[in-house]
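Residue strings, one per chain:
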Amino acid sequence: MIGVDWGTSSFRAFRISPDGRITDRIAMQRGIMTVSDGGFAPVLDKAIGNWIANGERHVLLSGMIGSRQGWREAPYLPCPAGPRELAAALIPVPFERAQVLLVPGLSDADETGVPEVMRGEETQIAGVLPELAVESIICLPGSHSKWARVADGQILGYRTYLSGEAFAAIRGGTILGRMMADTPHEPAAFARGLARAAEPGHILHHLFGVRTLALMHSLAETETGSYLSGLLIGHEVAAALGGAARVYLVGGAALTALYAQAILAARATPIILSEDAAAAGLALIGAHAPWT
């Protein structure tokens, strides 16, 4: 089987053996926003054509490729759901050289009924479900970070935090960003931001402090970006943790390390899981797929 994690900006493909092992992989900056005029089939064919020529006939796609801006919109499947439910809701897409199916995203709603949606993260979460024996909290850091509750092999529900996109917007489009030097991560400044997030005051008040601390030379311009990151992630963790004693993290190494630090600062235990969760999830869903 071939599994593809096709997002907004990136494309990752995995050749997966019947026992779930990754035997080959491809990664490139060929996300859906780089594809014009709906030309997804040629892009896919160019990327995985050699695997198909070598006998692969089943292709499973997940991520934003199943969104309104993607190849075909796959309706959201309501929580709770696990690999079997996702497999039962797969959507076919036309492709001459192989059978291609799309993984649907998942929907939920918060306590007041405001909708939640995810595409791609459900496959990553599915990939780590076998490692979790009891009800657990999983965090997937990113532009739109997801905090999901899982139990008994299913995703029970989740909440989304816009921290990553807020960081980019503040840095690129506000007066705070004008004071931020484009420098490497500053661990001490990040820790200082985390500590500030734990102090009294609304996040909007804390954000203005990024400017005033720099104006009064209490924060160097080389430190402001890391301080802002700590502030946003600290507020996110405080809101999402909900008294959990441990949090499982799935994602890229650099970002999960920052979230692990924030979770430790909040007196909980972070446990970082495999970066190949998407491939594992595609394998699990594919094992229940209605292939012909």
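Each remark here, short or long, concerns the structure printed above.
Everything numeric here is computed off the predicted structure, so don't read it as measured data.

## A short note on the layout of surface pockets
Computed from the structure, the largest pocket encloses a volume of approximately 1100 Å³. Lining the largest pocket are 36 residues; nearest its centre among them are Gly7, Met64, Arg119, Glu121 and Gln124. Counting only elements with at least two residues in the lining of the largest pocket, the list comes to strand S1 (2-6), strand S9 (115-118), helix H3 (121-128) and strand S12 (154-161). For the second largest pocket, the calculated volume is near 280 Å³. Considering the residues around the second largest pocket, the lining is formed by 18 residues, among which Phe167, Ser229, Ile233, Leu255 and Leu258 are closest to the centre. Within the residue set of the lining of the second largest pocket, elements represented by two or more residues are helix H4 (163-173), helix H7 (221-241) and helix H8 (253-265). Of the residues forming the lining of the second largest pocket, the biggest block, 6 residues, is contributed by H7. Of the residues contributing to the lining of the second largest pocket, the split by class is 8 nonpolar, 9 polar and 1 charged.

## Some details on the sheet that holds strand S8 (residues 106-109)
Across the sheet, which stays open at both edges, the 3 strands sit in the order S5-S8-S9 with mixed pairing between neighbours. Of all the strands in the sheet, just strand S5 (77-78) and S9 have a single pairing partner and so form its edges. Inspection of the sheet shows S5 paired to S8 by 2 bridges, in the parallel sense. The partner of leucine 77 across the bridge, within S8, is leucine 106.

## Comments concerning the sheet that holds strand S14 (residues 269-272)
Picture the strands of a sheet paired through backbone hydrogen bonds; they go either parallel or antiparallel. The 5 strands lie next to each other as S12-S11-S10-S13-S14, forming an open sheet whose pairing is mixed. The open sheet has two free edges, formed respectively by S12 and S14, since each of these has just one partner strand. Mean inter-strand twist for the sheet, computed between neighbouring axes without regard to direction, equals 25 degrees. When strand S10 (residues 136-140) meets strand S13 (residues 246-249), the two strands line up parallel, connected through 2 bridges. Considered in S13, the bridge of isoleucine 138 is made with tyrosine 248. In the packing of H8 onto the sheet, contacts are made with S10, strand S11 (145-151), S13 and S14, and the angle to S14 comes to roughly 160 degrees.

## Structural notes on the packing of aromatic side chains
Two numbers describe a pair of aromatic rings. These are the distance of the centres and the angle of the planes. This structure, assessed with the given rule, holds 4 aromatic pairs. Considering the side-chain rings of phenylalanine 40 and tryptophan 71, the 6.3 Å spacing of their centres and the 25 degrees angle between planes classify their relative orientation as stacked. Of this pair, phenylalanine 40 sits in helix H1 (residues 40-53) while tryptophan 71 is found in the loop between strand S4 (58-62) and S5, placing the two residues 31 residues apart along the sequence. Judged by relative accessible area, which is 17%, tryptophan 71 ranks as buried.

## Thoughts on the nonpolar core
Formed by 33 residues in total, the largest nonpolar core has its most connected members in Leu60, Leu90, Leu106, Ile125 and Ile138. Looking at this core, the elements that each hand over two or more residues are strand S2 (11-16), helix H2 (83-88), H3, S10, S11, S12 and helix H9 (277-287). When residues in this core are grouped by element, the largest group, 5 residues, is from H9. With residues near it in sequence (within four places) discarded, leucine 106 still touches Tyr76, Leu77, Cys79, Ala81, Leu86, Glu116, Val117, Met118, Glu122, Ile155 and Tyr158.

## Notes on the environment of valine 35
Within the secondary structure, valine 35 sits in the loop between strand S3 (22-28) and H1. A relative accessible area of 12% means that valine 35 is categorised as buried. Those residues in contact with valine 35, other than ones at most four positions away along the chain, are Trp6, Arg30, Phe40 and Val43.

## Considering the packing of H4 against H7
Taken N-terminus to C-terminus, the directions of H4 and H7 make an angle of 150 degrees; their axes are 10 Å apart at the nearest point. For the element pair H4 / H7, the angle class is roughly antiparallel. H4 and H7 meet at a crossing whose hand is right-handed. Where H4 approaches H7, its residues Ser163, Ala166, Phe167, Ile170 and Arg171 are matched on the opposing element by Gly225, Leu228, Ser229, Leu232 and Glu236. Class assignment for the residues of the contact of H4 with H7 results in 5 nonpolar, 3 polar and 2 charged.

How each quantity is defined
Residues numbered from 1 in each chain as written. Predicted model: local features only at pLDDT ≥ 70, side-chain atom pairs only at ≥ 80, totals over all residues. Heavy atoms only, no water. 1 Å grid on protein atoms, 1.4 Å probe; cavity = no way out; pocket = protein on both sides within 12 Å on 5 of 7 lines; lining within 4 Å. Points joined across faces, edges and corners; volume = space filled by probe spheres on them. Helix = DSSP H or I, 4+ residues; strand = E, 2+ residues; numbered from the N terminus. Nonpolar A, V, L, I, M, F, W, Y, C, P; charged D, E, K, R; others polar. Pairing = 2+ DSSP bridges. Axes fitted to C-alpha atoms, helices over the stretch in contact; angles between N-to-C directions. Contact = heavy atoms within 4.5 Å. Phe/Tyr/Trp six-rings, centres within 6.5 Å; stacked < 30°, edge-to-face > 60°. Buried < 20%, exposed > 50% of the residue type's maximum accessible area, 1.4 Å probe, protein only. Core = buried A, V, L, I, M, F, W, Y, C linked by side-chain atoms within 4.5 Å. Parallel < 35°, antiparallel > 145°, perpendicular 65-115°, else oblique. Left-handed = near helix turned anticlockwise from the far one by under 90°.

All quantities given are derived from atomic positions and should not be read as evidence of function.
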